[in-house]
Amino acid sequence: MKNLKNLAIPESVQSIDEMAFYQSGLVSITIPESVTTMGVNVFQDCNELYQVVLPNSWTSIPKSLFDSCEKLTEVNIPNNVEVIGDRSFRSCGLIEVEFPASVKTIGESAFLGCENLKIISLPSGLTSIGAKAFRSCSMLQTVVSNIEEPFEISSEVFDIVLVEDGGVSGIEPTKATLYVPKGCKELYKSTEGWNQFSTILEEGETPEPEGLLTGKNYRVKNVTTGLYLQVVGNNTSMTLQNKAEDVELSQVFQLEEAVEGMYYIKAADSDNNYYAHASGWNFNATTNADNRTPFTIALVEGETEVYTLHQNVSANTGLAGTDDSALFQHQDQICVLQAADSLGHQH
């Protein structure tokens, strides 16, 4: 069966036996509408299978249908499907799954170990999710739930099993963000299983930046030029250094929370508490805490632990410009904050 790459299933076929194509070399398959009965494990371990077309008439996905099809990166679940069978897509290469409105049940371990899965969207009519359905989907970033009255689920549905030296070393909760209908956040927070999510946002909410902790060290980099901010003139002003490659010469800073969502920037590797404050389009340092200038922080998409610094627009900033384009910048160029360790080495 390893040499079987392509197969046209005749329209006359009504049933396919269990394990019919187990470990075959199929790369794509279209199951005709005539097939109404399908055994379990039909395409299990078809490691080359990357494209499938399922009949629109199906109301359920059989158990272990595509179990361990690691190259299967996408699938369109037919609009009439109500049940996703146990282990049906376990250890597949799926990246995103959007369930049709018809789906009511997602079986146990249905998507267990789909390590490339990043986004799932759950329909409002869903009534049951089996244990371990999305367990160890370690890349999962976004779970969109349209369920307005969340039901209890197992704590194993979304958790991640940690493996070390071939054995289980621990279990940790998912790091994905859960998006829920407006007005439902508190319900999800108090419902077993869903409360495993550390970040639950309602429709329209924006996630808060992560990792902005007191005592953490950062560097400030000019996005356009690649240059870093450096304290010069006996810690009295902050300017962009001349050479991008001289990272070791750039200043290490820390954030200090001013009010919720806003921070002061402080020179971290100085014997004195020098803080940044605004003066026109340049930024100077001050030992006077009253002259500190707060900044709001916004996550830069696609980069780890990198944040844009937005100048807080107020009458006290001394900025020449006071609209939303007045970002923390030097010569009108946006700067970002990058994580650095305590020795000043860039991560």
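Higher on the page you've got the structure.
Worth saying up front: this structure is predicted, and the values here are computed from it rather than measured. (Residues numbered from 1 in each chain as written. Predicted model: local features only at pLDDT ≥ 70, side-chain atom pairs only at ≥ 80, totals over all residues. Heavy atoms only, no water.)

K.L.:
Can you help me understand the pattern of salt bridges in this one?
P.N.:
Following the criterion strictly, the structure yields four salt bridges and no others. The shortest N-O distance in the salt bridge between Asp67 and Arg90 comes to 2.5 Å. A residue pair is termed long-range when its members are at least 10 positions apart, and Asp67 in the loop between strand E6 (60–61) and strand E7 (83–84) and Arg90 in the loop between E7 and strand E8 (96–98) qualify at 23 residues. Taking the shortest distance from any N to any O, the salt bridge between Arg135 and Asp159 comes out at 2.7 Å. Placement of Arg135 in the loop between strand E11 (128–129) and strand E12 (142–145) and of Asp159 in the loop between E12 and strand E13 (160–164) is noted, with a sequence separation of 24 residues between them. In this structure Asp159 comes out as buried when scored by relative accessible area, which is 7%. (Salt bridge = Lys/Arg side-chain N within 4 Å of Asp/Glu carboxyl O. Helix = DSSP H or I, 4+ residues; strand = E, 2+ residues; numbered from the N terminus. Buried < 20%, exposed > 50% of the residue type's maximum accessible area, 1.4 Å probe, protein only.)

K.L.:
How should I be thinking about the nonpolar core in this particular structure?
P.N.:
As a rule of thumb, soluble globular proteins bury nonpolar side chains together. Ranked by internal contacts, the top residues of the largest apolar core, which has 57 residues, are Phe43, Phe66, Ile84, Ile106, Phe111 and Phe134. At the level of elements, strand E10 (119–122) and strand E15 (177–180) are the ones that each hand at least two residues to this core. Not counting residues within four places of it along the chain, the set of residues in contact with Phe111 comprises Ile84, Phe89, Arg90, Leu94, Val97, Phe99, Ile106, Ala133, Phe134, Arg135 and Cys137. (Core = buried A, V, L, I, M, F, W, Y, C linked by side-chain atoms within 4.5 Å. Contact = heavy atoms within 4.5 Å.)

K.L.:
Help me understand the packing of aromatic side chains in this model?
P.N.:
Scanning the model with the defined rule gives twelve aromatic pairs in all. Note on Phe89 and Phe111: the rings are 5.3 Å apart at their centroids and 10° apart in plane angle, and the pair reads as stacked. One end of the pair, Phe89, is in the loop between E7 and E8; the other, Phe111, is in the loop between strand E9 (105–106) and E10, with 22 residues separating them in the sequence. Each member of the pair, Phe89 as well as Phe111, is classed as buried. Each ring, one from Phe151 and one from Trp194, has its centre 6.3 Å from the other, and the planes form 75°; the classification is edge-to-face. Placement of the pair is Phe151 in the loop between E12 and E13 and Trp194 in the loop between helix H1 (185–189) and strand E16 (199–202), with a sequence separation of 43 residues. Trp194 matches Phe151 in its accessibility class, with the two residues each being buried. Here the aromatic residues Phe21, Phe43, Phe66, Phe89, Phe99, Phe111, Phe134, Phe151, Phe158, Tyr188, Trp194 and Phe197 are joined through ring pairs into a cluster of three or more. (Phe/Tyr/Trp six-rings, centres within 6.5 Å; stacked < 30°, edge-to-face > 60°.)

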